[in-house]
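Chain and residue survey
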Amino acid sequence: MWGEGFSLNIAVSLSVPQGFRQSKGLSLVLVNSRINRNKQTRIFMEMQGNESPTTSYQSTVNIPHVLTVAGSDSGAGAGIQADLKACAARGVYCSTVITAVTAQNTIGVQGVNVVPEDFVAEQMKSVLSDMHVDVVKTGMLPSIGIVKILHQHLREYPVRALVVDPVMVSTSGDVLAGPSVLAGFREELLPMADIITPNLKEASALLDGVKIKTVSDMRSAAKLLHDMGARNVLVKGGDLPDSLDAVDIFFDGEHLYELRSSRIKTRNTHGTGCTLASCIAAELAKGASMLEAVKVAKCFVETALDYSKEIFIGNGPQGPFDHLMKLKSNAHNSGRQVRFNPSDLFLYAVTDSGMNRRWGHSISDAVKAAVQGGATIVQLREKDIETRDFVEAAKSCLQICRAHGVPLLINDRIDVALACDADGVHIGQSDMPARTARALLGPEKIIGVSCKTPEQAEQAWIAGADYIGCGGVYPTHTKANNLTVGLDGLKTVCLASKLPVVAIGGIKVSNARPVMEIGVPNLKGVAVVSAIFDSECVLTETRKLHAVLTEATAAVK
Ligand SMILES: Nc1ncnc2c1ncn2[C@@H]1O[C@H](COP(=O)(O)OP(=O)(O)O)[C@@H](O)[C@H]1O
Ligand SMILES: Cc1ncc(COP(=O)(O)O)c(N)n1
Ligand SMILES: [Mg+2]
């Protein structure tokens, strides 16, 4: 099944320079360059002698695809809207067949308008006859006729997996599919389903009203539903009374798994069921096994609920949560939007654990003093510290820096930056490539790269860095075997760099002035280690350096 997919054809007409027009039979063909097992790229470029200079690109990139067949929720917490957000968050394409339009908010469901059956069929045909769908996920199926249509289409257009969320009652208690649909679920969908994901009420309804009140009841229900034909069953315990954990029971026909996560204390649980089923579908579309998919989905719901526990949308008892937390900057948590401002590079403080030990300073005390003394950005450069301690130290430094509106970066350690939600990283030429760091950290985080040459500065810009550090400007002992580029080398790099530059290497109060005086506008400041941290009073030394830099910049202007 991998390797088939939708293909996107783009024909582009280019006006080509004269020289190209005259060169005959130029042809460049790159076929089937494999990116990974999900993605194939095919590019054809053809330019033919005297014919009109047309370049056609044909690319085939498979992206995992989930089709959701569900109802619309105007409040966008559940239904189609939750499915789209969940698939987007999991990196999967999601097409939609809308079965009903509900007027719904955080108070409840005020109205339901069922889409005519033949139009549900038309939507299904439009998607399935044209696009390659990996997995179908169902939500609200408000009539037995719609269940039958779905059944027919799945026979005509088989997909790799069917995830059935047998939506019957919303969390607010409103009925979304009446008893007549029950027969459709039992007879048509369960035997086709690769997994069915009822909540307690839905499991009970499918089992003729059997009481499900304990984890042990959930286990029995999972087995009974499996007997009714579903290949895998997940009985969801979001509504399990008196449960400290959020417990779900998964049964694959052989083994029963009790999946537990912490129960997040929040009103924002509207749409958890839809999200869970869509995430399962998304992971299956990416190629996960069923158990893996279920575990990832449960973990995603828990993380999203935890992230969103305090958001407030609507005035009713059940709020929506935020699926796209990963796209957010840390503004939401910190109350501060950290957008990089090149002037932050003015007085750049880089910590050193050896110096802190020598003077009996903790990392956070040293950082606090530097920030109070006027440091405008801080980088934690801790080379000999346990990862666990590094993350803890970084978290407390982050609090200090946030309180002063000063960005905090981590040297080298992308993992530590992610773990503590630092504002970014600074990386060297032999660390992880800046492009990879950008992919891991997202568009909002600050990335700085150490560069000694114009070529490295160009590469940093291409890779998506925000600034470069250039040095050593003067000889230094802080970094072993560090080549000194001198003021001339610094100037050359500054002139070539498209990114703002901070100078580094042996800079101190007595020699900072000539650095600022090289007079290239994109030199924004100096980075120092020993000048401020190799001293008893970090605060005083930082203040002195700040004064010198301020004077030097005023003189340059
Ligand atoms: N407060 C919560 N904290 C963590 N997980 C939860 C919470 N409430 C529900 N879940 C999880 O969300 C998923 C959906 O469950 P549930 O809310 O029971 O479904 P539905 O939305 O269909 O009623 C399950 O994996 C459940 O364990
Ligand atoms: C259109 C639609 N589909 C599904 C649900 C169930 O979601 P939940 O159980 O979280 O309320 C809903 N409320 N609305
Ligand atoms: Mg729920």
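Every value quoted in this text rests on a predicted model; they were computed, and no experiment measured them.

Some details on the nonpolar core
In terms of nonpolar packing, the biggest core is built from 79 residues, with Tyr-348, Leu-380, Ile-410, Leu-490, Ile-507 and Val-515 touching the most fellow members. By residue number, the principal contributor to this core is helix H13 (residues 387-404), which donates seven residues. If near-sequence neighbours (up to four positions away) are discounted, Leu-380 is found in contact with Thr-351, Ile-363, Val-367, Phe-390, Ala-394, Cys-397, Leu-408, Leu-409, Ile-410 and Asn-411. Judged by nonpolar contacts, the second largest core, of 46 residues, contains Ile-146, Ala-193, Leu-200 and Leu-240.

Some points on the pattern of salt bridges
This structure, assessed with the given rule, holds 23 salt bridges. Shared partners join several salt bridges into a network, and the residues in it are Arg-219, Asp-245, Glu-258 and Arg-260.

A closer look at the environment of Lys-524
Mapped onto the elements of the fold, Lys-524 is located in strand E21 (residues 523-528). Residue Lys-524 is classed as partly exposed on the basis of its relative accessible area of 30%. Lys-524 sits 179 residues away from Leu-345 along the chain, and the two C-alpha atoms are 5.7 Å apart. Excluding residues within four positions of it along the chain, Lys-524 makes contact with Pro-342, Leu-345, Phe-346, Pro-500, Val-501 and Met-516. There is a polar contact of 3.2 Å between the side chain of Lys-524 and the backbone oxygen of Pro-521.

Section: the side chain of Asn-411
Within the fold, Asn-411 resides in strand E16 (residues 408-411). Judged by relative accessible area, which is 9%, Asn-411 ranks as buried. Here Gln-379 takes part through its side chain, which lies 2.6 Å from a polar atom of the side chain of Asn-411. Among the polar contacts made by the side chain of Asn-411, one reaches the side chain of Lys-383 at a distance of 3.3 Å. When neighbours within four sequence positions are excluded, Asn-411 is seen to be in contact with Gln-379, Leu-380, Arg-381, Lys-383 and His-426.

A closer look at helix H12 (residues 363-373)
All buried positions along H12 are accounted for by Ile-363, Ala-366, Val-367, Ala-369, Ala-370, Val-371 and Gly-373. Backbone geometry just downstream of H12 places Gly-374 in the positive-phi region, at approximately 120°.

Points about the site of ligand 1
Among the 15 residues in the neighbourhood of ligand 1, the closest are listed as Lys-236, Gly-238, Asp-248, Ile-264 and Gly-273. Here an oxygen atom of ligand 1 sits 2.9 Å away from a polar atom, N or O, in the side chain of Thr-272. A distance of 3.0 Å separates an oxygen atom of ligand 1 from a polar side-chain atom of Lys-298.

Some words on the pairing of strand E9 (residues 161-164)
Burial of E9 is two-sided: the residues Ala-161 and Val-163 facing one way and the residues Leu-162 and Val-164 facing the other way are all buried. With four bridges joining them, strand E8 (residues 135-138) and E9 adopt parallel strand pairing. Following the sheet pairing, Val-136 is matched in E9 by Leu-162. The handedness of the E8 to E9 crossover, carried by helix H4 (residues 144-156), is right-handed. Of the strand pairs in this sheet, E9 and strand E10 (residues 195-196) are connected by two bridges, and their pairing is parallel. Considered in E10, the bridge of Val-163 is made with Ile-195. In terms of handedness, the path from E9 via helix H5 (residues 179-189) over to E10 forms a crossover that is right-handed.

Focus on the sheet that holds strand E19 (residues 467-471)
The strand order E14-E15-E16-E17-E18-E19-E20-E21 describes a closed barrel built from eight strands, whose pairing is parallel. With strand direction ignored, the average angle separating the axes of adjacent strands in the sheet is 25°. The pairing of strand E18 (residues 446-451) with E19 spans four bridges and is parallel. Each residue of the ladder has a partner; that of Ser-450, found in E19, is Gly-469.

Criteria and cut-off values
Residues numbered from 1 in each chain as written. Chains lettered and ligands numbered in written order. Predicted model: local features only at pLDDT ≥ 70, side-chain atom pairs only at ≥ 80, totals over all residues. Heavy atoms only, no water. Core = buried A, V, L, I, M, F, W, Y, C linked by side-chain atoms within 4.5 Å. Buried < 20%, exposed > 50% of the residue type's maximum accessible area, 1.4 Å probe, protein only. Helix = DSSP H or I, 4+ residues; strand = E, 2+ residues; numbered from the N terminus. Contact = heavy atoms within 4.5 Å. Salt bridge = Lys/Arg side-chain N within 4 Å of Asp/Glu carboxyl O. Polar contact = N/O pair within 3.5 Å; in protein donor to acceptor, adjacent residues only side chain to side chain. Near = heavy atom within 4 Å. Pairing = 2+ DSSP bridges. Right-handed = clockwise from strand over helix to strand, strands pointing away. Axes fitted to C-alpha atoms, helices over the stretch in contact; angles between N-to-C directions.

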